[in-house]
Each structure stands twice: as structure tokens, then as C-alpha cells.
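This is what each chain is made of:
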Amino acid sequence: MVFVQNLSVGYQKGKEKNLLLDHIDVSLPSGKLVCLLGSNGSGKSTFLKTLAGIHPPLSQPADQTLIEFQKPGNIAIVLTDKLNLSNLSVYDLVTTGRYAYVNWLIQLSETDKHAINQAFHLVGIDQLKDKFVDELSDGQQQMVMIARALAQETPYIFLDEPTAHLDLNNRMEIMTLLRKLAHQHNKTILVSTHELDLALQLADVLWLVQDKKIVSGIPEELVLDGVLDKAFPLKGFNLKTGEMNYEKTKNKSIQLIGEGYRYLWTKNAFERMGFSVINEKAEIQIEVEKEYWKIDSNRYNRLQLLLEDLINREIK
Amino acid sequence: MELKIKYKLAFLGILVVFVAILHLFFGSIHIPFYSVFDVLLFPNSTSSAYHDVIWWVRLPRMLTALLAGAALSLAGLQMQTLFRNPLAGPDVLGLTSGAGLGVAISIFLSPLLLVIKGFNPIFAFTGAFFVMLIILPIAKMIKDNNSLLVIGIMLSAIASSCVGILQYISDANDVQSYLMWTFGKMGGLSFFEVFIIGIGLLVGLLLAFINSRQMNVWVLGESYLTNLQFNIAKARMTMILSTCLLTGVVTAYCGPIAFVGLVSPLLVRNWLKTYNHQWLIIGACLGGSICLLVCDLFINIFSSQVSIPINVATSLFGAPVVIFFIFKLKRLSI
């Protein structure tokens, strides 16, 4: 566990100060996956870089904890920039993670080689060793950069938006990998992201950037406290219930009878179209059965046809 | 993969030796091949005129091409890495133009300066050194590499305009001799001068080698350098200083040799297919040597019919090779 107190983050250009985060106190728990959440421009990347020691803080904490924390070999970083080099091999890229340990002749010792191979193995990308960086997909490239950070053998790994530009599968893969590294290999992992859903599902601790301060806590607690609602004023989505709120554009109610997933998704479809779905008697009654939908003794095999018919009837 | 790179480097090494020896067999004076063998194998036994030509004319010229090629290519390699730009060469910092201005002053203003014409190397080096004195503090102040690149090009432009003014007010003979300098030359250097180029290459090489870890990480961005506890400013200055030394010393003695410093590191990068500067430094030196030796070899072979300046030859023979490689590799990358 590391405590950092009184850290101010931002940019200074001449005498002009752009304060992003004001006198922050945070504690980083060991062996956990911590997600740093915030909207774009809230300063989460800058905070991450400041904490990692690659961006100067606006005001140094009075004590030595931050300097002690940023000592060589303590933190490894993974940033978002995409590499577009056809001559850089994946192995050489991961090897650069060992450069803090090798002399200027870059002679890799057995320990170095072991650390590199271990990093490939942990991330599960042994098959990429002989590839070149420009042959990789965005997701693979992110995996390689994580392997590179692992090769540094630091107790802390900081990642800035590692899931940006990735599709849902890759995002899940990266985040579960990070979670595994934290829980099974005792790494402390700090990830900045603006993807609320993934952070809610996988993070052990959330750090939420809000009004130039950071609120921290376990995800569930932050949801229940309503802190997340304040930080992410999502229009039409209720974070506590996980439901979308649709505007009731049509002045009609539907009584929906049924259960399970089919019921839920059917309800969603009607609500999306602007109907209000209720549980009591209404002028339109729809039964959700296992194989079909039934309305006034008409059967539909596909939900789309039912919807279209209903809307046509509406127009008439 | 590493083994493959080592084989390729060994091949380049053998090629350098082969081209270097072949280079001694050709020159403006025709010497029968068996006489060249004779002189090379038994240097002490003969004291013919051939002996003197080979030892005092051809050997220094061969060494000049060998060392200058290596130096320029190494300078270009570091500039491409520094600016992350395949179009960067040894001349992007404005050193070559600075040297040109120095030479122009020595030629056009020699009556005023009371110096003997043709004492160019010192003026060329002073010009290059002067630009270096300007570019180093600028590099220290301006952290952005693209801005530095533009400033280098601007310095070049200023120096070239000054040369233009001097040319405009001077007589035709002086303009002619300045033009001759811009064509570049390989021959006519003494062993001492070759030795000085060698020293420049050695120091530049050493600086580059010490900096090779930093150059490998350079492409990832400055944050990663800081994270690995490397000093960015120091790494950057080392690249610039090494380039200044290499380019300055070669331009002083051989004139502004274009092309080699841009093309050979680029070809070596894409042929070795590595971004590890330990190999790239060696490869660029060998490749640059081969490039300049072969160009000078062509000049020597055709010298009995027509005299081609080295700067024309490098582009004339070099450009088709580059085009060929681009077609073969589809894409050139740093």
C-alpha cells in the first residue's frame, strides 16, 4: 500500500498554470487492479503520468513517499501511442523492458532472457515472438506492450487507456489479463480508462476523477453512493438498476405477458419504440411464448414482423 | 533472427574488403593488374612509379571513400532515429550548408581575408562548427524535434542565401571554384587528413554505440525513456554531437557529399530488418563505405573517358538502386 498526499497535477506554461487535480490524497493498494475513471480531459492521463514520474507535478508532496515510490525499477508504464515501424521486431521491443538492467553493450544475461520469456508466457503471446510490430493487430500490439512492461519486473504497472481503439473482445481480453496479473502475480496495476462498464465489472478499486479531486472506493459502493451517477450523468441510463430509460413518445401502453430473457428483450424493443410497457390490463396485449409472439390470436415468429405490424396499425 | 542479422553483417564486411581492394585496381592512370598485385603483395620489393601511385594516391583515396562513407551513413542513421523520419540525412541540421558558407567566404573574400585560396578544409570546418555552435543551444532550448528539424532547414536556407549573395558579387572564376567544391571530391587527401577523418569517425562511432540503448527506446517516445531512467536531453545531445562531428569532418575534406548519408542507412535498416541500433550502427557504417567506394570505383573506371564528380555519381548510381529497393520491399521504414 502506497500513500501519496498533497499531489497537485496539471500543466505549467511559463507563469500560466492549468490545474487539473488539486492536492490529491490517494492510496494505492498492493496486488489490486485499480481503475482510474474520468471523462475526457479530466486529467486522468496526466495524473497517471505524474504518479509514474514521467510528468512533473505542479506541487511536490512535502514528504519523500512520491520520490521513494518513483525510484528506478518500481513502476513500468504502457501508453496509448500506436507504433508503426516495419523494422522493429516484437522480441526487440520486449527486450527494451530490460534496458534498465543491461549495460550499454546490451548483453542479455540469463536472468534477462528468463524475464523476457516469462513476460511472453504470462501474457500468452509466445507465438508473436518472431513477428514484427507492424504485423500485429491493435489488440496484439497492446499485449506486446504489456509484456514489455512485465519484462521490467516492477511491482507496479501503470497503463494509460490500454483499451482505447480496441473492439469489445480485445477490451475484455486485456482487462481480464490485467486482473489476472494483479491477483495471481501480485502486481499492482493502475489503469486509466473512460470505459465505465469494464471498470465496474473488473476493477478491485475505482479512482474517480471529479471536480479536480479523486474519490476512491470499491465499484459497488461508488454506485450505491451515487457518486458514479454524478460523474457520469448518463442520459437515459440508470446505473443502479442497469436499465435504459426511453422517452414515451407513443401514447399507448402494452401489457406484456411472459418471462425470462425473451420477455426482457421484447420489453426493451417496445420501450425503444416509445411504448410504455406495463404489467396490468392495457389495450394491446402481447404474449411472449417460447417459440413465438402472440397478439390477438396472431402468431409471429420474428419480433421484427410483430413490431412492424404494430406500428402500421398505429398509423391507421 | 539475430543470427540472420549477424550473417548479413558478415556479408557486408566481406563486401567492404572486396570493394576496397578492387578500388585500388582502378584510377586515372592505367596500371596493369599484375603490377597492382605485385605492389600490394610485395610492398617493399618494388620502388617503381606504380608503387608510389598506389601507395600515395590510390590508397588514401580508397581510405577516404571508406571512412567518409561510413561517417556520413552513421550520421544519417542517427538523424533518422532522432527525427523518426526516413528523409532525414546528415545535412538536416544545416552543417553542410554552414561548411559551404565557410568555403564560399574563403574563396570569394580571399583578397579581403589575406588568405591563400584553396585552404578550404579549415574554412569548411569552421563553417560547420559555427552552425554547430548555433544548433546545440537551440536544441537544448527547443525540446520538440519537429521544430528542431525546421530550424535546421532554416539555418541551411540562411547559409545558402549568404553563399548566393557572395556568388552574385564575385567573378566567374571564383564561382567556378566554389562549384567545384560543391561537387565533392575523394582524391587528393594526405594520410594525415585521412587520419583526421578516421579520428572523427571513431569518436562519432563511440558516441553512437554508448547511445544505442537510448536510440532503441527513442522510437517508443520520451515517456518510456524517462521510465527506464534514461536522460532524454543527454541522449538527444549525444546524437546531435555525434552527427555534427561526423558530418563536419567529412564535409571539411570531401565537400558536401549528398545522398550516401540518406540512402545507405535507409537501405541497411530495411535489409537487416531490425531496429536494434547495435546492429544498425555497424551495418550503416559498412553500407555507407560500400556505397561510396562503389561510386568512386565507377568514377575511376570511366575516368579515362569522362570525369564525373563524386556528388553526381552518388545520385546517378544511387537513385536507381533506391528505386529498385522500394519496388522490391514495397515500403521503406526507419
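Attention in this report is confined to the structure presented alongside it. (Residues numbered from 1 in each chain as written. Chains lettered and ligands numbered in written order. Predicted model: local features only at pLDDT ≥ 70, side-chain atom pairs only at ≥ 80, totals over all residues. Heavy atoms only, no water.)

1. Things to note about the sheet that holds strand β14 (residues 293–295) of chain A
Residue and element names in this part refer to chain A. A sheet is described by the order of its strands in space; here five strands give the open sequence β12-β11-β13-β14-β15, paired in mixed fashion. Looking at which strands have only one partner, the edges of the open sheet turn out to be β12 (276–278) and β15 (298–300). Averaged over all pairs of adjacent strands, the angle between their axes in this sheet comes to 30°, without regard to strand direction. When strand β13 (residues 284–288) meets β14, the two strands line up antiparallel, connected through three bridges. Looking across to β14, one finds that Glu 287 is bridged to Lys 294. (Pairing = 2+ DSSP bridges. Helix = DSSP H or I, 4+ residues; strand = E, 2+ residues; numbered from the N terminus. Axes fitted to C-alpha atoms, helices over the stretch in contact; angles between N-to-C directions.)

2. Description of the side chain of A:Thr163
Of note, A:Thr163 is situated in the loop between β5 (156–160) and α6 (168–184). With near-sequence residues (within four places) excluded, A:Thr163 lies in contact with A:Arg171, A:Ile174, A:Met175, A:Thr193 and A:Glu195. (Contact = heavy atoms within 4.5 Å.)

3. Topic: the sheet that holds strand β7 (residues 205–210) of chain A
All names here are of chain A. Read across the sheet, six strands follow the order β4-β5-β6-β3-β7-β8 without closing on themselves; strand pairing throughout is mixed. Across the chains shown, the open sheet's two edge strands, defined by having one partner strand only, are β4 (75–78) and β8 (213–217). Here the strands of the sheet are splayed against their neighbours by 20° on average, with no regard to which way each runs. Running at roughly 155° to β5, helix α1 (residues 44–52) makes contact with β3 (33–37), β4, β5, β6 (188–193), β7 and β8 of the sheet. In this fold helix α5 (residues 138–151) packs onto β4 and β5, with an angle of close to 170° to the strand it touches most, β4.

4. Some thoughts on empty space enclosed by the protein
All names here are of chain A. Following the criterion strictly, the structure yields three cavities of 30 Å³ or more and no others. Leu 79, Thr 80, Asp 81, Lys 82, Asp 138, Gln 141, Gln 142, Met 145, Ala 164, His 165 and Leu 166 are the residues that line the largest cavity. Tallied by class, the residues present in the lining of the largest cavity amount to four nonpolar, four polar and three charged. Of the pockets and cavities examined, the second largest cavity occupies roughly 40 Å³. Of the residues in the lining of the second largest cavity, the class split is three nonpolar, four polar and no charged. (1 Å grid on protein atoms, 1.4 Å probe; cavity = no way out; pocket = protein on both sides within 12 Å on 5 of 7 lines; lining within 4 Å. Points joined across faces, edges and corners; volume = space filled by probe spheres on them. Nonpolar A, V, L, I, M, F, W, Y, C, P; charged D, E, K, R; others polar.)

5. Some details on unusual backbone geometry
One non-glycine residue with positive phi stands out, namely A:Glu161, at about 45°. Within the fold, A:Glu161 resides in the loop between β5 and α6. A positive phi angle is found at B:Arg84, which is not glycine, with a value near 50°. Along the chain, the position of B:Arg84 falls in the loop between α3 (49–83) and α4 (95–108).

6. Section: the interface of chain A and chain B
Counting residues at the interface gives 33 residues for chain A, matched by 26 residues for chain B. Counting the surface lost from both chain A and chain B, the interface buries some 2600 Å², and carbon and sulfur atoms represent 57% of this. Summed over the three residues of chain A that lose the most area to chain B, namely A:Asn87, A:Tyr99 and A:Trp104, the buried surface amounts to 28% of that side. On the surface where chain A and chain B come into contact, there are zero salt bridges. Between chain A and chain B we count 12 residue pairs in polar contact (both at pLDDT 80 or more) in total. If you list the elements that add at least two residues to the side of chain A that touches chain B, you get β4, α3 (90–95) and α5 of chain A. Take the side of chain A that touches chain B: its biggest share by element is four residues, from β4(A). Among the residues forming the side of chain A that touches chain B, the class breakdown is 19 nonpolar, 10 polar and four charged. (Buried area = accessible area lost by both parts, 1.4 Å probe. Salt bridge = Lys/Arg side-chain N within 4 Å of Asp/Glu carboxyl O. Polar contact = N/O pair within 3.5 Å; in protein donor to acceptor, adjacent residues only side chain to side chain.)

7. Comments concerning the pattern of salt bridges
Residue and element names in this part refer to chain A. As enumerated under the stated definition, the model contains 12 salt bridges over all chains in all. One salt bridge connects Glu 68 with Lys 71, and the closest N-O pair in it is separated by 3.9 Å. Overall, the relative accessible area of 40% leaves Lys 71 in the partly exposed class. A salt bridge links Lys 129 to Asp 126; the nearest nitrogen and oxygen atoms lie 4.0 Å apart. Assessed through its relative accessible area of 36%, Asp 126 is described here as partly exposed. Bridged by salt links that share partners, the residues Arg 98, Asp 112 and Glu 153 form one connected network. (Buried < 20%, exposed > 50% of the residue type's maximum accessible area, 1.4 Å probe, protein only.)

8. Some details on α3(B)
All names here are of chain B. An ideal rise of 1.5 Å per residue puts 51 Å on 35 residues; α3 measures up with 50 Å between its terminal C-alpha atoms. A maximum bend of about 35° is found in α3 at Arg 58, where proline Pro 60 lies one to four positions downstream. In terms of residue burial, α3 counts as a mostly covered element, since 27 of its 35 residues are buried. Directly beyond the C-terminal end of α3, a positive phi value near 50° is found at Arg 84. (Expected span 1.5 Å × (residues − 1). Bend = angle between axes of the 7 residues up to and from the residue.)

9. Considerations on the packing of helix α1 (residues 2–24) of chain B against α3(B)
All names here are of chain B. Where α1 contacts α3, the two axes come as close as 9 Å, and the packing angle between them is 145°. Where α1 crosses over α3, the handedness of that crossing is right-handed. Where α1 approaches α3, its residues Val 16, Ala 20, His 23 and Leu 24 are matched on the opposing element by Arg 58, Leu 59, Arg 61, Met 62 and Leu 66. Taken together, the residues that form the contact of α1 with α3 break down as six nonpolar, one polar and two charged. (Left-handed = near helix turned anticlockwise from the far one by under 90°.)

10. Focus: the pairing of strand β1 (residues 2–13) of chain A
Residue and element names in this part refer to chain A. As defined by bridge partners, β1 adjoins strand β2 (residues 16–28) across nine bridges and the pair is classed as antiparallel. Within β2, the residue paired with Tyr 11 across the bridge is Asn 18. Hairpin geometry of β1 and β2 is characterised by an intervening segment of two residues between the two adjacent antiparallel strands and by a positive phi of about 65° at Gly 14.

11. Observations concerning the environment of B:Ser307
Residue and element names in this part refer to chain B. In this structure, Ser 307 sits in the loop between α14 (277–302) and α15 (310–329). Assessed through its relative accessible area of 67%, Ser 307 is described here as exposed. Distance in space between the C-alpha atoms of Ser 307 and Ser 28 is 9.3 Å, their sequence separation being 279 residues.

12. Considerations on the packing of aromatic side chains
Across all of its chains, the model carries 16 aromatic pairs over all chains by this definition. Counting every residue linked through ring pairs, the aromatic cluster contains B:Phe25, B:Phe26, B:Phe33 and B:Phe37. In this structure, A:Arg98 packs its charged tip against the face of A:Tyr101, placed 4.2 Å from the ring centre. Geometry around A:Phe132 places B:Lys273 over its ring, the cationic atom sitting 4.5 Å from the centre. (Phe/Tyr/Trp six-rings, centres within 6.5 Å; stacked < 30°, edge-to-face > 60°. Lys NZ or Arg CZ within 6 Å of the ring centre and 35° of its normal.)

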